[in-house]
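# Report on the structure
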Amino acid sequence: MQSITLTAVVVAVLLGIAWYLSYNAARLDRLHTRVEGALSALDAQLVRRSEATLELANSGALDPASALMLAGAASESLEAHNERALEDDFLEGQSFGQREVLESDLTAALQAALSADVVAEIRQDDALGALALQRVEAAGVRVQLARRFHNDAVTDVRRVRRKLVVRVFRLAGHADLPRTVEFDDELPPAVRD
């Protein structure tokens, strides 16, 4: 009788450990999936921001130099996205494809071109330009949110992967450790007002 009880306890403990490991592996898989989804959403919002910037540059509301600067930065961002779309693994698993510099350059171009005076003039005098400016502002806010959601998801994955049980039992398998996406996504102060 004692050996049956001992066997039942050992089996119950082993089943509990197996369930715990399975639960953690499934949770880690869901977190990795969340990171990939957040990265896809961020990529889509960056495309929208680039398209909105091109629309503003082509609206005729800006001086030619500013329009050319915005169009160039937005085009480079879109080209980087399109080059990634042609590759086999669109997002390299959980990598941003080194686009941070291009996106920071687009933000810098927006900040340089959209001074307070320019924004006030566009909002007063040009209906088409004001609509394009609103679209740039909305896209910029969505980029900030998407980047924040992605970075929060990456932080969650890293926190779980630091756990001893995850490392000892290799619950992450061979999945790459995701990294946060860091670039300047601040809206020009005049646009935010």
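All values reported here derive from a predicted model rather than from experimental measurement.

### Considering the confidence of the model for the protein chain
- Averaged over all residues, the pLDDT of the protein chain equals 91, while 93% of them reach at least 70.
- For the protein chain, the element scoring lowest by mean pLDDT is helix α7 (residues 189-192), at 80; helix α5 (residues 127-161) scores highest, at 96.

### Focus on unusual backbone geometry
- Positioned with a positive phi, R170 is a non-glycine residue whose angle comes to about 50°.
- Among the structural elements, R170 can be located in the loop between α6 (164-168) and α7.

### Examining a negative patch on the surface
- Taken together, the side chains of E76, E79, E83 and D105 present a region of like negative charge at the surface.
- Ranked by residue count, the leading element in the negative patch is helix α2 (residues 64-86), at 3 residues.

### A look at a nonpolar patch on the surface
- Judged by side-chain polarity, L6, V9, V10, V13, L14 and I17 come together as a nonpolar surface patch covering roughly 530 Å² of accessible area.
- Checked against the element boundaries, V9 lands in helix α1 (residues 2-57).

### Here we look at the nonpolar core
- Grouped together as the largest cluster of nonpolar side chains are 26 residues, with contacts concentrated most on L56, L62, L70, L110, L114, V119 and L133.
- Secondary-structure elements contributing two or more residues to this core are α1, α2, α3 (100-113), α4 (116-125), α5 and α7.
- The biggest single contributor to this core is α2, with 6 residues.
- Here L56 is in contact with L62, L70, L114, G129, A132, L133 and V136, once residues within four sequence places are set aside.

### Considering the side chain of R147
- Within the element layout of this structure, R147 appears in helix α5.
- Separated by 3.2 Å, the side chains of R147 and E182 make a polar contact.
- If near-sequence neighbours (up to four positions away) are discounted, R147 is found in contact with L42, V181, E182, F183 and D185.

### A closer look at the side chain of E100
- Tracing the sequence through the fold places E100 in helix α3.
- According to the relative accessible area criterion, E100 is buried, its value standing at 12%.
- A polar atom in the side chain of E100 sits 3.0 Å from the side chain of R179.

### Overview of the packing of α1 against α5
- Between α1 and α5, the least distance of the axes is 8 Å, while the angle of their chain directions is 160°. Between α1 and α5, the angle falls in the class roughly antiparallel. The way α1 lies across α5 gives a crossing that is left-handed.
- Looking at side-chain class alone, the contact of α1 with α5 contains 21 nonpolar, 6 polar and 13 charged residues.

### As for the environment of A80
- With respect to the element layout, A80 can be found in helix α2.
- Sequence separation between A80 and S104 is 24 residues, and the spatial gap between their C-alpha atoms is 13 Å.

### So, the packing of α1 against α3
- Relative orientation of the contacting elements α1 and α3 amounts to 35°, with a least axis distance of 12 Å. Crossing angle aside, the handedness with which α1 passes α3 is left-handed. On α3, the residues touching L46, R49, S50 and T53 of α1 are E103, L106, T107 and L110.
- Taken together, the residues that form the contact of α1 with α3 break down as 3 nonpolar, 3 polar and 2 charged.

Conventions used here
- Residues numbered from 1 in each chain as written.
- Predicted model: local features only at pLDDT ≥ 70, side-chain atom pairs only at ≥ 80, totals over all residues.
- Heavy atoms only, no water.
- pLDDT = per-residue confidence, 0-100.
- Helix = DSSP H or I, 4+ residues; strand = E, 2+ residues; numbered from the N terminus.
- Patch = residues over 30% accessible without salt bridge, like charges linked within 9 Å, V, L, I, M, F, W, Y side chains within 5 Å.
- Areas by Shrake-Rupley, 256 points an atom, 1.4 Å probe, with all protein chains shown as cover.
- Salt bridge = Lys/Arg side-chain N within 4 Å of Asp/Glu carboxyl O.
- Lys, Arg positive; Asp, Glu negative; His and termini not counted.
- Charge placed at Lys NZ, Arg CZ, Asp CG, Glu CD.
- Core = buried A, V, L, I, M, F, W, Y, C linked by side-chain atoms within 4.5 Å.
- Buried < 20%, exposed > 50% of the residue type's maximum accessible area, 1.4 Å probe, protein only.
- Contact = heavy atoms within 4.5 Å.
- Polar contact = N/O pair within 3.5 Å; in protein donor to acceptor, adjacent residues only side chain to side chain.
- Axes fitted to C-alpha atoms, helices over the stretch in contact; angles between N-to-C directions.
- Parallel < 35°, antiparallel > 145°, perpendicular 65-115°, else oblique.
- Left-handed = near helix turned anticlockwise from the far one by under 90°.
- Nonpolar A, V, L, I, M, F, W, Y, C, P; charged D, E, K, R; others polar.

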